[in-house]
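Residue-level structural notes
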Amino acid sequence: MLQELKRFKPVAEAISLLLSPHAEVIIHDFKTKSIGAIFNNFSKRKVGDESLLDEMEKLRDQEVFPPYFKINWDGRKMKSVSALLKNKAGKAIGMLCINLDISKWEEMHHFILSLMASKVEQPDVLFKSDWREKINAYVTTYLKQHGLCLESLDRAEKRKLLLKLWEEGAFATKNAASYVADVLQISRATVYNYLKEQS
């Protein structure tokens, strides 16, 4: 391995330690066209193996190669990024490659999507009398349509939302006022005052 490349080894090792066990970090030596150093090896390559970077060497004017995807020997998907390593004279002498194993995150992503996906409608027998669910659904829709967040609503916005709920018939149920007060984080007295003003 070129002596000039050895100064990059601590950087490569530090990156591998930070992202361990999910990232493999490799230093390729352009002079020998082989792997000069490898940390957290999960690709079954070793120091001295051929780098197979003939095409990349033609692109020495490009210092960083944007993230790209690779498949490991065991089928795991990896997201990789590469950067040229230069000597003090500015000549490209090698390449640093970081291979991030994203297979577990992909599994989690698919799990979350499947968990959140719902093709089944709410059963009427359970929800047709659930006025709380109807209030929740209306509040959620209202906030999305107006680009608002429940926690950041000011007094005027809460009053406006409350009156919209009243127009939708949300207060037809006996305990609705108390529930809406809890949802909007205001007192029941405030709810009644807003409704009194409306009438």
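Everything that follows concerns the structure shown earlier in this document.
Remember, predicted model here, so these are calculated numbers, not experimental data.

So, on to the packing of helix H6 (residues 131-146) against helix H7 (residues 155-167). At a minimum axis separation of 11 Å, H6 and H7 run at an interaxial angle of 130°. Comparing their axes, H7 and H6 come out oblique. H7 is crossed by H6, and the crossing has right-handed handedness. The segment H6 lies against H7, with Ile135, Tyr138, Val139 and Tyr142 engaging Lys160, Leu161, Lys164 and Leu165.

Next up on the list: the sheet that holds strand E4 (residues 77-86). Strand order across the open sheet formed by 5 strands is E2-E1-E5-E4-E3, with antiparallel pairing between neighbours. Because the sheet does not close on itself, it has two edges, and the strands there are strand E2 (34-39) and strand E3 (64-71). Between one strand and the next, the sheet's axes are offset by a mean angle of 25°, whatever the strand orientation. Two elements, E3 and E4, share 6 bridges in a ladder whose sense is antiparallel. Each residue of the ladder has a partner; that of Lys70, found in E4, is Met78.

What follows concerns unusual backbone geometry. The omega torsion of the bond from Ser20 to Pro21 falls at 5°, within 30 degrees of zero and hence cis. Relative to the helices and strands, Pro21 is located in the loop between helix H2 (9-19) and strand E1 (23-29). Of note, Asn40 is a non-glycine position whose phi angle comes to about 55°, a positive value. The topology assignment puts Asn40 in the loop between E2 and helix H3 (54-57). Residue Gln185 is not a glycine yet carries a positive backbone phi of 55°.

Two measures describe an aromatic ring pair: the distance that separates the ring centres and the angle between the ring planes. All told, the structure shown has 2 aromatic pairs when counted by the stated rule. Here the aromatic rings of Tyr138 and Tyr142 are separated by 6.3 Å at their centres, their planes lie at 25°, and the arrangement is stacked. Taken together, the residues Tyr138 and Tyr142, both in helix H6 and 4 residues apart, mark about one turn of the helix. Take Tyr138: its relative accessible area is 22%, and that puts it in the partly exposed class. Directly above the ring of Trp73 sits Lys44, whose terminal nitrogen or CZ lies 3.9 Å from the centroid.

To continue, consider a nonpolar patch on the surface. A contiguous nonpolar surface patch, about 700 Å² in accessible area, is contributed by Trp105, Met108, Phe111, Ile112, Leu115 and Met116. On the secondary structure map, Phe111 appears in helix H4 (residues 103-116).

We now examine the pattern of salt bridges. Within the structure shown, the criterion is met by 7 salt bridges. Taking the shortest distance from any N to any O, the salt bridge between Arg76 and Asp74 comes out at 2.7 Å. Judged by relative accessible area, which is 24%, Arg76 ranks as partly exposed. Residue Lys77 pairs with Glu106 through a salt bridge whose shortest N-O separation is 3.5 Å. Placement of the pair is Lys77 in strand E4 and Glu106 in helix H4, with a sequence separation of 29 residues. Classification of Lys77 by relative accessible area gives partly exposed; the value is 26%. Since its relative accessible area comes to 29%, Glu106 is described here as partly exposed. The network of salt bridges with shared partners includes Asp74, Arg76 and Asp101.

What follows deals with the pairing of E2. Successive residues of a regular strand alternate their side chains across the two faces of the sheet. Most of E2 sits out of view: 6 of its 6 residues are buried. Here 5 bridges tie E1 to E2, and the two strands are oriented antiparallel to one another. Bridge pairing in E2 places Asp29 opposite Ser34. Hairpin connection, E1 to E2: the antiparallel pair is bridged by 4 residues, and Lys33 has positive phi, about 55°.

What counts and how
- Residues numbered from 1 in each chain as written.
- Predicted model: local features only at pLDDT ≥ 70, side-chain atom pairs only at ≥ 80, totals over all residues.
- Heavy atoms only, no water.
- Axes fitted to C-alpha atoms, helices over the stretch in contact; angles between N-to-C directions.
- Helix = DSSP H or I, 4+ residues; strand = E, 2+ residues; numbered from the N terminus.
- Parallel < 35°, antiparallel > 145°, perpendicular 65-115°, else oblique.
- Left-handed = near helix turned anticlockwise from the far one by under 90°.
- Contact = heavy atoms within 4.5 Å.
- Pairing = 2+ DSSP bridges.
- Phe/Tyr/Trp six-rings, centres within 6.5 Å; stacked < 30°, edge-to-face > 60°.
- Buried < 20%, exposed > 50% of the residue type's maximum accessible area, 1.4 Å probe, protein only.
- Lys NZ or Arg CZ within 6 Å of the ring centre and 35° of its normal.
- Patch = residues over 30% accessible without salt bridge, like charges linked within 9 Å, V, L, I, M, F, W, Y side chains within 5 Å.
- Areas by Shrake-Rupley, 256 points an atom, 1.4 Å probe, with all protein chains shown as cover.
- Salt bridge = Lys/Arg side-chain N within 4 Å of Asp/Glu carboxyl O.

Spatial relationships are all this shows, so hold off on functional conclusions.
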